[in-house]
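# Secondary and tertiary structure notes
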Amino acid sequence: MNLPGGHHLVKALTRHGVDTLFTLSGGHVFPIFDGAVKEGVRLLDVRHEQTAAFAAEAVGKLTGEPGVAVVTAGPGVTNTVSAVTAAFENGSPLMVVGGRAPAFRWGQGSLQEFDHVPLMAPITKSAHTVTSVADTVDMVDSAWTTATTPKQGPVFIDAGVDVQVSPAELDYPELQTRALEAAPLEDIEALAELIDRSRRPVIVAGSAVQLAGAHRQVRRLAEAASIPMFANGLGRGTLPADHPLSFSRARSVAFKTADLVVVVGTPLDFRLGFGQFGDAAVAHVVDHGDGLASHVDLAVGLMGDLTPTLETLAAAVTRTDRSDWIETLRQSEIDKRTEDRDQMSTTGSPIHPARLYGELLPYLDDKTVVIGDGGDFVSYAGRFVDAPLPGRWLDPGPFGCLGSGFGYAIGASVAQPDCRIVVLAGDGAFGFAGIEIDTLVRHGIDVTVVIGNNGIWGLEKHPMRAFYGYDVVADLQEGCRYDQMAQALGAKGTLVAEPETLSPTFDDAFSTGGVSVINVLTDPTVAYPRSANLM
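Here goes a summary of the coordinates provided.

About the criteria used
Sequence order as written defines the numbering, with residues in each chain counted from 1. Note on the predicted model: pLDDT of at least 70 is required for a residue's local features to be given, and 80 or more for side-chain atom pairs to be given and counted; whole-chain, interface and lining totals, by contrast, use all residues. Side-chain descriptors were evaluated using all non-hydrogen atoms of the structure, hydrogens and water having been removed beforehand. Only DSSP runs of H or I with at least four residues qualify as helices, and only runs of E with at least two residues qualify as strands; both kinds are numbered from the N terminus onward. Radius of gyration here uses only the C-alpha atoms, and the compact-globule reference equals 2.2 Å multiplied by the residue count raised to the power 0.38. Relative accessibility under 20% of the residue-type maximum defines a buried residue, over 50% an exposed one, and the middle range a partly exposed one, all with a 1.4 Å probe and only protein chains included. When checking whether two residues touch, look at their non-hydrogen atoms; a contact exists if any pair is within 4.5 Å. Accessible areas in this description were obtained via Shrake-Rupley with a 1.4 Å probe; residue shielding takes into account the shown protein chains only. Working convention for charge: Lys and Arg count positive, Asp and Glu count negative, and His plus the chain ends are omitted. Charged side chains are reduced to one point each, which is NZ for Lys, CZ for Arg, CG for Asp and CD for Glu. DSSP-based pairing: two strands are paired if at least 2 bridges between them are found. A fitted line through C-alpha atoms serves as each axis, taken over the contacting stretch for helices, and the angle formed by two N-to-C directions is quoted from 0 to 180°. A pair of Phe, Tyr and Trp rings is counted when the ring centres sit within 6.5 Å of each other, with Trp represented by its six-membered ring. The angle between the planes then sorts it: under 30 degrees is stacked, over 60 is edge-to-face, the rest tilted. We call a charge positioned above a ring when the Lys NZ or Arg CZ atom is no farther than 6 Å from the ring centre and deviates by at most 35 degrees from the ring normal. Side-chain atoms within 4.5 Å link the members of a nonpolar core, which is a set of buried Ala, Val, Leu, Ile, Met, Phe, Trp, Tyr and Cys residues. Pairing of N or O atoms within 3.5 Å defines a polar contact, subject to two protein rules: one partner must be a possible hydrogen donor and the other a possible acceptor, and residues neighboring in sequence count only if both atoms are side-chain atoms. Candidates for patches are residues over 30% relative accessible area with no salt bridge; among them, like charges are joined within 9 Å and nonpolar side chains (Val, Leu, Ile, Met, Phe, Trp, Tyr) within 5 Å. By salt bridge we mean one thing: a side-chain nitrogen of Lys or Arg within 4 Å of a carboxyl oxygen of Asp or Glu.

All right, on to the overall build of the protein chain then. Each helix and strand in the protein chain was counted, giving 22 helices and 19 strands. Taking 2.2 N^0.38 as the reference for a compact globule, 535 residues should give roughly 24 Å; the C-alpha atoms of the protein chain span a radius of gyration of 24 Å, in line with that estimate. With respect to the principal axes defined by its C-alpha atoms, the protein chain has extents near 70 × 60 × 45 Å. Buried residues in the protein chain amount to 57% of all 535 residues. Within the protein chain, contacts between residues at least 6 apart in sequence are counted, and of these 75% link residues at least 24 apart. Carbon and sulfur atoms make up 52% of the accessible area of the protein chain, which amounts to about 21200 Å² in all. Of the side-chain charges in the protein chain, 39 are positive and 64 negative, and the distance between the mean point of each set is 3 Å.

What follows deals with the sheet that holds strand 12 (residues 281-286). Across the sheet, which stays open at both edges, the 5 strands sit in the order 10-9-11-12-13 with parallel pairing between neighbours. The two strands at the open ends of the sheet, each matched to only one other strand, are strand 10 (229-231) and strand 13 (300-303). Recorded for the sheet is a direction-independent mean angle of 15 degrees between the axes of neighbouring strands. In this structure, strand 11 (residues 260-264) lies alongside strand 12, joined through 5 bridges in parallel fashion.

Summarising the element assignment, H215 is placed in helix 11 (residues 215-225). Judged by relative accessible area, H215 falls into the buried class, the value being 13%. Among all residues touching H215, those that are not within four sequence positions of it are V209, Q210, L234, T238 and P390.

The next point concerns the packing of aromatic side chains. Evaluation of the coordinates by the stated rule reveals 15 aromatic pairs. Where F30 meets F33, the ring centres are 6.3 Å apart and the plane angle is 40 degrees; that geometry is what we call tilted. Within this pair, F30 and its partner F33 are both found in helix 2 (residues 30-39), separated by 3 residues, close to a single helical turn. With relative accessibility at 13%, the residue F33 sits in the buried group. Measuring from centroid to centroid gives 6.1 Å for Y357 and F384, while their planes differ by 50 degrees, and the two rings are tilted. You can see Y357 sitting in helix 15 (residues 353-360) and its partner F384 sitting in helix 16 (residues 376-384), a full 27 residues away along the chain. Each member of the pair Y357 and F384 is classed as buried. These aromatic residues form a ring-pair network of at least three members: Y357, F377, Y380, F384 and Y528. When the ring centre of W106 is taken as reference, the NZ or CZ atom of R100 above it lies at 4.4 Å.

Right, let's talk about the nonpolar core for a bit. With 54 residues, the main nonpolar core has F22, I371, L394, I410, I437, V447 and V517 as its most contacted residues. For this core, the element with the most residues is helix 3 (residues 49-63), which contributes 8 residues. Aside from chain neighbours lying at most four places away, what touches L394 is A58, K61, L62, L234, V369, V370, I371, G372 and Y408. Membership of the second largest hydrophobic core comes to 52 residues, among which are L239, L245, L260 and L272.

Among the 5 residues that make up strand 4 (residues 67-71), 5 are buried, leaving the element largely enclosed by the rest of the structure. What you see with strand 4 is no split at all: G67, A69 and V71 on one side and V68 and V70 on the other are buried throughout. Strand direction decides the pairing type here: strand 2 (residues 20-23) and strand 4, joined by 3 bridges, are parallel. Across the sheet, residue F22 finds its bridge partner in strand 4, namely A69. Bridge count between strand 4 and strand 5 (residues 94-100): 5 bridges; the pairing is parallel. Looking at strand 5, one finds that V68 is bridged to M95.

Within helix 1 (residues 5-14), 9 of the 10 residues are buried, which leaves the element mostly enclosed by the surrounding structure. Residues of helix 1 that are buried: G5, G6, H7, H8, L9, V10, K11, A12 and L13.

On to the side chain of S226, then. Structurally, the position occupied by S226 is in the loop between helix 11 and strand 10. On the accessibility criterion, S226 (14% relative accessible area) is buried. Separated by 3.5 Å, the side chain of S226 and the backbone oxygen of T320 make a polar contact. Discounting chain neighbours no more than four positions away, the residues touching S226 are L245, R319, T320, R322 and I326.

Before going further, it helps to spend a moment on the environment of V385. Position of V385 relative to the elements: it lies in the loop between helix 16 and strand 15 (393-394). You can call V385 buried: its relative accessible area is 4%. Residues within four places of V385 in sequence aside, it is in contact with R236, Y357, L361, L364, V370 and W393.

What follows is about helix 15. Most of helix 15 sits inside the fold, with 7 of its 8 residues counted as buried. Residues P353, A354, R355, L356, Y357, E359 and L360 constitute the buried set of helix 15. Elements that come into contact with the buried residues of helix 15 comprise helix 14 (323-344), helix 16, strand 16 (420-426), strand 17 (447-453), helix 22 (502-511) and strand 19 (515-521).

Taken together, the side chains of F467, Y468, Y470, V472 and V473 present a nonpolar region at the surface, about 620 Å² in accessible area. If you trace the backbone, V472 turns up in the loop between helix 20 (458-468) and helix 21 (482-488). Overall, V472 belongs to the partly exposed group, its relative accessible area being 42%.

Spatially, the 6 strands line up as an open sheet ordered 3-2-4-5-7-6, and their pairing is parallel. Of all the strands in the sheet, the pair left with one neighbour each is strand 3 (42-45) and strand 6 (126-130). Direction aside, the axes of adjacent strands within the sheet are offset by 25 degrees on average. Against the sheet, helix 17 (residues 405-415) contacts strand 2 and strand 3, and its axis sits at roughly 170 degrees relative to strand 2.

Dropping the structure here:
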């Protein structure tokens, strides 16, 4: 096939199933755009390159296969840095393709001339420049394999506009699939024996379970050995909330009194108390060598592809009667959920965030992808919103990069086109990418955005007051009319100031298509109860 380099690049991507490129217009990638048009690949353009990268990451999170962002040279690439770093920390498969100033002009001061690779290398699994058309297909295939090999993560390639326009006749080699390898059998058997001996075990399922498509296997393990399960990140939904082994509110009791905690597919970071679970033995199951915690004295560490590893482990354990342990956690779960219901009935205005979620929950079903983008407001969401299925909850992850919500919504519309999308945004987070309402409207994406508008950086204001007795740079505009901004961008915008109007507003938003932005004035004096997680 005698085609320009940019066309070859797109054609190489289509062989991996890519049908959408997230982008923002720029001259250094025009030949790639031309290739996309000729190959029938959708170009979904956004208002900031960071959003394009977040959208591509959402595809990776939801499908386990990289989404692709195409961005122009110089600032086009540098604008993706925070989103790419988030994907790196999340272990999300993502490919960013950058334009580049032509090689024959390098060093002469070309427009947006910048060597991206040294910048991108520390925050990606691989970063390379395509220096000749002949290398285009192999470079795409190699980057794709790198992105999807555990630990999954972002990859970067760029190509000079001279390479993109140069024609060449290339062969397309047959794609190879990677064989899955379980952890060593002796290690699996050691963990199975540890599980069988334990009286109060729990499982924590993390994001890599979703990325590996290993939900059935970890569920089989829990059911085979009668082990209560908790989840974080993309692991949410591995078990539905009504499953007898599914828990979320009883974490404190479980982690303080368990005798074994089996953490699957997530690091032992601040979200899990750095792996400190009282007197419990800790087992860590990961899909790559660097993932095993080195700061915790592990009873067992398994490293292997999660699907076969968990399949083998589930077959090796013995069903044990743990009804007393399960009942202890269930009673704690019931007590905590009763407290939640009391909070969700809070009256008065400004509106308590819990009351907002109490009114919202009936509208969320198994065809809804819920996206959290914020601090305290989204912490309440993480507490109250149960994911009924895998892939129904997206949050920024441990890097904590705000502004991901609209990109995730755009990516979710591609990866889960049959689902309703709900973005839960704090007013601070909304400010990072609120202009993307224009993108949602232009591309006809069906999204409901609920803003918790308390006029402050709540995650910072309350702790700073507790530490120092005062706060600075923690206030936003009180009662800001983000709903009017949404209207100006072509969406439906509604201001909600009284709790009694929440339900009718949700009724209206969920019964009509298009983009709805619901600006809810929430109480700035309410702080989400948390322990410090900075140290």
